[in-house]
Amino acid sequence: CAPRPSGHVYRVGSEILSILFNGKIPDKKKMIRLGYIRSGDKKLEFIIDPDIMMRHAEVIGRTGSGKSYLIGLLMERLREKNILQVNFDAFGEYEDAVNELGGVNIRPGKDFSPPLWTLTVDQFAFLIDDLGLTELQSRIALEAFRIYKIKRGDLNVFFEAVSEVANKMRALPETRENTISRLRVLLDSLGIAGNSDPENLAKLLNEKKLVNIIFTGLGTLQRDFTVASILTLLKEFREKKLVKRAVLVSIDEAHLYVPSGSRKTLSKEVVMNMLRYGRHYGIALVLVTQLPSSMDEEAVEMPALKIVFSISYDQLRGIRFALSDLPDDILHTISKMEVGRAIITGTRDLIRYSAIIEVDSNRKTRHGAPTPSFFD
């Protein structure tokens, strides 16, 4: 109810607080501060319980609006709470911050080469789709991959399986050699698939609490393969209790991995399954994008927490349903919001009313992606 002019103001007691928060008063020790709500010359802290991100979060905004700064701030605040984090860093902009926080930076293909067997058979079929294999060669490759996936091991195990399956299918020697040759070309071009022990990644995450995977210098397919592979490994780590605590995974440029429409990527199925079932494994996603309209509609809709920076009204159409409590005049001015201001919204049981906040400017770590000047 709107307060009446000249009405009395009372301090809210613990009983009413308990009712407002569904019978549970928030534990201030768990809370993290994202920013402030300003009213005139006064401001009020905007704090959240990190557990609400177990139902996933989405950070949306145009280039230079403050997305990267917020992700760095979030990384910093979660680090203070000892929450396990994995970050897919598209441009290496969090490298310095991760070093300052005592985390570890990893470059795929150098520090860690994800095993090919982390892919599903369907993902492998998608990977070899453009190789120009004959029907028999494709059958040989897929059956060999099934065997290799069970045995695991290094890539030599895979090529031994190709030879074994080709012989069982009574393929001609030139068919076998041609299949192996084409698969070698594919894996050489992929470059980063290798024989790293996945348990080393689990140990790093347990010890360092913060793992930043830097994509600088990698091609689209290499990034896609890395996201698919590491998300699959994280699920396995949690199932086998190699990582005993829940993990928050931040994916920059998320529209590349869950594109809209029928377009496929290696990682699309993995990311979508994490959005649907990740909380059952203790894996939460933060999808970061400047192009929500280029993302799969379900991927845009599913995260329960949404943080929206300055962005065009056309890009907002995909998440209009989540901002239903905001009037149209505010929605049309979102594109004009100042850098560092954001709308926090989400499902009604988590965030009852959308709020406009000023992101906390008291970030301790170095911001790796400030907008440069021609005169600096």
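Anything mentioned here points back to the structure above.
What counts as what
- Residues numbered from 1 in each chain as written.
- Predicted model: local features only at pLDDT ≥ 70, side-chain atom pairs only at ≥ 80, totals over all residues.
- Heavy atoms only, no water.
- 1 Å grid on protein atoms, 1.4 Å probe; cavity = no way out; pocket = protein on both sides within 12 Å on 5 of 7 lines; lining within 4 Å.
- Points joined across faces, edges and corners; volume = space filled by probe spheres on them.
- Helix = DSSP H or I, 4+ residues; strand = E, 2+ residues; numbered from the N terminus.
- Nonpolar A, V, L, I, M, F, W, Y, C, P; charged D, E, K, R; others polar.
- Salt bridge = Lys/Arg side-chain N within 4 Å of Asp/Glu carboxyl O.
- Buried < 20%, exposed > 50% of the residue type's maximum accessible area, 1.4 Å probe, protein only.
- Pairing = 2+ DSSP bridges.
- Right-handed = clockwise from strand over helix to strand, strands pointing away.

A. Inspection of empty space enclosed by the protein at higher detail. Going through the model one piece at a time under the given rule, you end up with one cavity of 30 Å³ or more. Each pocket or cavity is described by its volume, and for the largest cavity that value is around 80 Å³. If you trace the largest cavity, you find it lined by Ile71, Leu74, Met75, Leu78, Gln85, Val86, Asn87, Leu248, Ser250 and Val286. At the level of secondary structure, the elements contributing two or more residues to the lining of the largest cavity comprise helix 2 (67-80), strand 4 (84-89) and strand 7 (247-251). The leading source of residues in the lining of the largest cavity is helix 2, at four residues. Tallied by class, residues from the lining of the largest cavity come to seven nonpolar, three polar and no charged.

B. Layout of the pattern of salt bridges. Here the structure, examined in full by the defined rule, presents 20 salt bridges. Taking the shortest distance from any N to any O, the salt bridge between Lys235 and Glu239 comes out at 3.0 Å. Taken together, the residues span about one helical turn, with Lys235 and Glu239 both in helix 9 (residues 220-239) at a distance of four residues. Here Lys235 falls in the partly exposed class, since its relative accessible area comes to 27%. Using a relative accessible area of 45% as the deciding quantity, one classes Glu239 as partly exposed. With a shortest N-O distance of 3.4 Å, Glu358 and Arg341 are connected by a salt bridge. With a gap of 17 residues between them, Glu358 in strand 11 (residues 355-359) and Arg341 in strand 10 (residues 341-346) connect regions that are remote in the sequence.

C. Quick look at the pairing of strand 7. Strand 7 sits mainly inside the fold: five of its five residues count as buried. In strand 7, alternate side chains face the same way, and those of Val247, Val249 and Ile251 on one face and Leu248 and Ser250 on the other are all buried. Pairing between strand 4 and strand 7: five bridges, direction parallel. Opposite Phe88, over in strand 7, you have Ile251 as the bridge partner. Judged from the five bridges that link them, strand 7 and strand 8 (residues 283-289) form a sheet pairing that is parallel. From the neighbouring strand, Val249 faces strand 8, where its bridge partner is Leu285. On the question of chirality, the crossover connecting strand 7 to the parallel strand 8 by way of helix 10 (residues 268-281) is right-handed.

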